[in-house]
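# Structure at a glance
For reference, the chains in residue letters:
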Amino acid sequence: MTLSVFLAVLGAAAMHAVWNALIKVRLDRFLSISLMTIGMGVAATPAMLAVDFPQREVWTWIVLSTAIHTLYRLFLIRAYETGDLAQAYPLARGAAPLLTTIGGILLIKEFPPQIAIAGIVLLSAGTLLMSLRGGRKVGVFDRRSVGFALITSVCVAGYTLTDGSGARLASTASSYAVWLFATDALWTLALCLYLRGSRVLAAMLPEWKTGIVTGLLGAASYWIAMWAMTRAPIASVAALRETSILFAMMISVFALRETATLWRAAAAMFIVAGVVALRLG
């Protein structure tokens, strides 16, 4: 992984943490995440005229990714509803790099360097430690929340491998990203209308500014990740992107004045060690 790709993915991870912090609007979690997804589509719309229209085989990956992203959001919401968000989110994200690495080896025959694999393991250990010992309810888990979070991890690994493969097949990563965001946004809007009826539009409209800001951040963050996956091993990029957990912790401590416990500090050290190993790899 070159320095430029490495720094770009770290920047994407920081943006990922920021939009997660900003998404606390006056809507329920389903509508909040849906609003952000629609915002990503709105942010991508002006770029449609500047990128290629995807080939037929690329659309297969876009449609598959849209389906997996839908499952990801639904299971993540269920994990939030049944457990502590401070633990459910890191658990959902922390297992994903390991699953992505295994999937990359088995499905696309991509073997990261040994030191990169060590970095992925360290980074995953740090995010999982943040989950197990980083929340207010230390060591307390709802079994349903654990199940939903782990299924969410499988979805994260699934759409990561799908989008990495699709971005590599497309004429450019930008073309793939723009049309994925637009397709996902249209499907999400249709799903909202189907499940909640037309009243969802009235509920979302007052929060349109939040949707645009989080959509821009979310689109930029994931576009960088997909671009990076065309230039570095997918598993390494996926793991490095999970440093968003570290940035989220920094936001919670320095901006929200939450307590910086020894467990959180230890988890941060694992994550930093993983980042260093990934850079060396």
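Description of the structure in this document. No experiment lies behind these values; they were computed from the predicted model shown.

Looking now at the overall build of the protein. A count of helical and extended segments in the protein gives 13 helices and zero strands. Listing every helix and strand of the protein by position from the N terminus yields α-α-α-α-α-α-α-α-α-α-α-α-α. Here the protein has a C-alpha radius of gyration of 18 Å; the compact-globule value for 281 residues is 19 Å, and the two agree. For the protein, the spread of C-alpha atoms along the principal axes amounts to about 45 × 40 × 30 Å. Out of the 281 residues belonging to the protein, those deemed buried represent 52%. The contacts in the protein between residues at least 6 apart in sequence include a share of 87% that link residues at least 24 apart. Surface summary for the protein: the accessible area is close to 12900 Å², and the carbon and sulfur share equals 71%.

Quick look at unusual backbone geometry now. At Lys-109, a residue that is not glycine, the phi angle is positive and equals roughly 55°. Tracing the sequence through the fold places Lys-109 in the loop between α5 (96-107) and α6 (114-133). Judged by relative accessible area, which is 59%, Lys-109 ranks as exposed.

Each value, and the rule that gives it
- Residues numbered from 1 in each chain as written.
- Predicted model: local features only at pLDDT ≥ 70, side-chain atom pairs only at ≥ 80, totals over all residues.
- Heavy atoms only, no water.
- Helix = DSSP H or I, 4+ residues; strand = E, 2+ residues; numbered from the N terminus.
- Rg over C-alpha atoms; globule rule 2.2 N^0.38 Å.
- Buried < 20%, exposed > 50% of the residue type's maximum accessible area, 1.4 Å probe, protein only.
- Contact = heavy atoms within 4.5 Å.
- Areas by Shrake-Rupley, 256 points an atom, 1.4 Å probe, with all protein chains shown as cover.

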